[in-house]
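Descriptive analysis of the structure
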Amino acid sequence: MSFAKAYSGMKGAAVRALILGVCGLGLAGCDTLSSLNPFEKDTSYKPEIVSNLPAEEIYNDGLARVQKGDFDGAVSKFSSLDKQYPYTDWARKGLIMEAYANYEGGFYDEAITASRRYLQSYPNTSDAAYAQYLMASSYYDQIPDITRDQEKSERAILALQELVQRYPNSEYVSDARKKIQVASDQLAGKELEVGRFYLQKRNYAGAINRFRTVVARYQTTRHVEEALQRLTEAYMAMGIVGEAQTAAAVLGHNFPDSPWYKDAHALLTRGGVEPREDSQSWISKAFRGVPQVGQRTG
């Protein structure tokens, strides 16, 4: 039992005995309990009640800070709306602007967190699509070069695809599609880089798996032509001539003027064969339904 509880539950002599007992334990000069209160004799301490500023004033102050480029200060203003005016429309507006100010300030992780909070709290509002766009763009703007881990690229694509699927009529869809293409191109480039490394090391199975990913998942990127040529090269090295012929044939059919096709055709010719497509090959099946040259997006 705490001292406070013991004191409150005692009366008269019992209380006086407890006081004397405490004082006898080393608190010299202790006459009353008031001496135990550090604020008892401090007359300088005066509690101050600070009234909330009007929500509109806080919001406008945040906007002014955004215009001045003071994004850190803007974030502080917008986030205070939720604390001072919770469950109001001002709190909702403050949260989306908090996400925006974080994004503009380059505080991407904070922008993602605020955007996700908005989507969880206000999924059906008019600004939900914008919150999704801010979150996706925050991932997108952190995409590194292809020599580094591409987790941010993958997260950007997922967030952008969700934007397109959930808000198909949104004004952000067009830009989202372009960013999906760029991020996909980045991932394809990473797969090619690793595939070329395996090919150089004569790890043909490992190389084929990487090039296959490009062909199967990133057909509309600029890297698919090289991936098909590299498949021709890897399959020929392994003696799997039929797949090499198919890779070259698909490459020639879709990109007849590509320098990569010329390289693939020359490689097959040196091996005494010509490009020939096997319709049952995974390569042929992967390209069925893919727009032809001139119709491809990106």
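Remember, it's a predicted structure, so these values are computed and weren't measured experimentally.

Some remarks on helix α5 (residues 89-104)
A rise of 1.5 Å per residue sets the reference length of α5, with its 16 residues, at 22 Å; its end C-alpha atoms lie 23 Å apart and thus fit the reference within 8%. Among the residues of α5, Ala91, Arg92, Gly94, Leu95, Ile96, Met97, Glu98, Ala99, Ala101, Asn102 and Tyr103 are the ones counted as buried. Residues of α5 that are buried sit in contact with α3 (55-68), α4 (71-84), α6 (108-121) and α7 (128-140). Of the residues one or two after α5, Gly106 is the one with positive phi, at around 80 degrees.

Looking at the nonpolar core
Of all hydrophobic cores here, the largest spans 39 residues; its most connected members are Phe78 and Leu163. Mapped by element, the contributors of at least two residues to this core are α3, α4, α5, α6, α7, α8 (151-166) and α9 (173-200). With residues up to four places along the chain from it excluded, the contact list for Leu163 reads Ala129, Gln132, Tyr133, Pro168, Tyr172 and Ala176. Judged by nonpolar contacts, the second largest core, of 31 residues, contains Ala248, Phe255, Ala264 and Leu268.

Here's the deal with unusual backbone geometry
Phi at Tyr87 is positive, roughly 60 degrees, even though this residue is not glycine. Positionally, Tyr87 belongs in the loop between α4 and α5. The exposure class assigned to Tyr87 is exposed, which follows from its relative accessible area of 84%. Residues other than glycine seldom take positive phi values, yet Arg202 does so here, at roughly 65 degrees. Residue placement: Arg202 occurs in the loop between α9 and α10 (204-217).

Describing the packing of α3 against α4
Helix packing for two helices is described by the angle between their axes and how far apart those axes are. Look at α3 against α4: their axes get within 7 Å of each other, and the N-to-C directions meet at 160 degrees. The angle between α3 and α4 falls in the class roughly antiparallel. By crossing handedness, the relation of α3 to α4 is classed as left-handed. Touching Ala55, Ile58, Tyr59, Asp61, Gly62, Leu63, Arg65 and Val66 of α3 are Phe71, Gly73, Ala74, Lys77, Phe78, Ser80, Leu81 and Gln84, all from α4. Residue composition of the contact of α3 with α4, grouped by class: nine nonpolar, four polar and three charged.

Considerations on the packing of aromatic side chains
Summed over all chains, the structure comprises seven aromatic pairs. Centre to centre, the rings of Tyr133 and Tyr172 are 4.9 Å apart; their planes meet at 20 degrees, and the pair counts as stacked. Pair noted here: Tyr133 is in helix α7 and Tyr172 is in the loop between α8 and α9, with a separation of 39 residues, a long-range link. Side by side, Tyr133 and Tyr172 carry an identical accessibility label, which is buried. With centroids separated by 6.0 Å and ring planes inclined at 55 degrees, the aromatic side chains of Phe197 and Tyr198 adopt a geometry described as tilted. Note on Phe197: relative accessible area 43%, which makes it partly exposed. Ring-pair connections join several aromatic residues into one group, and the members of that group are Tyr59, Phe78 and Trp90. Just above the ring of Trp90 sits the side chain of Lys93; from NZ or CZ to the centre is 4.9 Å. Sitting over the face of the ring of Trp282, Arg212 holds its NZ or CZ atom 4.2 Å from the ring centroid.

The rules behind the values
- Sequence order as written defines residue numbering, which begins from 1 separately in each chain.
- Only residues with pLDDT of 70 or above have their local features reported here, since the model is predicted, and side-chain atom pairs are shown and tallied only from 80 upward, although totals for entire chains, interfaces and linings are computed over all residues.
- Computation of side-chain values: all heavy atoms of the structure, hydrogens and water removed.
- A helix here means a DSSP run of H or I that spans at least four residues, while a strand means a run of E at least two residues long, and both kinds are numbered starting from the N terminus.
- To estimate how far a helix should extend, the number of its residues minus one is multiplied by 1.5 Å.
- Per-residue accessibility, obtained with a 1.4 Å probe over protein chains only, is compared with the maximum for each type, and a residue is labelled buried under 20%, exposed over 50%, and partly exposed between these values.
- Here, two residues are considered to be in contact whenever any of their heavy atoms come within 4.5 Å of each other.
- Joining through side-chain atoms within 4.5 Å is the link that ties buried Ala, Val, Leu, Ile, Met, Phe, Trp, Tyr and Cys residues into a set, and such a set is a nonpolar core.
- Only the stretch in contact is used when a helix axis is fitted, and all axes are lines through C-alpha atoms; the angle between N-to-C directions ranges over 0 to 180 degrees.
- Here the word oblique covers every angle except those under 35 degrees (roughly parallel), over 145 (roughly antiparallel) and from 65 to 115 (roughly perpendicular).
- With the far helix as reference, a near helix turned anticlockwise by less than a right angle produces a left-handed crossing, and one turned clockwise produces a right-handed crossing.
- Nonpolar residues are Ala, Val, Leu, Ile, Met, Phe, Trp, Tyr, Cys and Pro. Charged residues are Asp, Glu, Lys and Arg, and all others, Gly as well, are polar.
- Stacked, edge-to-face and tilted labels apply to pairs of Phe, Tyr and Trp rings (six-membered ring for Trp) whose centres lie within 6.5 Å, assigned for plane angles under 30 degrees, over 60, and everything in between, in that order.
- Should the NZ of a Lys or the CZ of an Arg lie within 6 Å of a ring centre and within 35 degrees of the ring normal, that charge is described as sitting over the ring.

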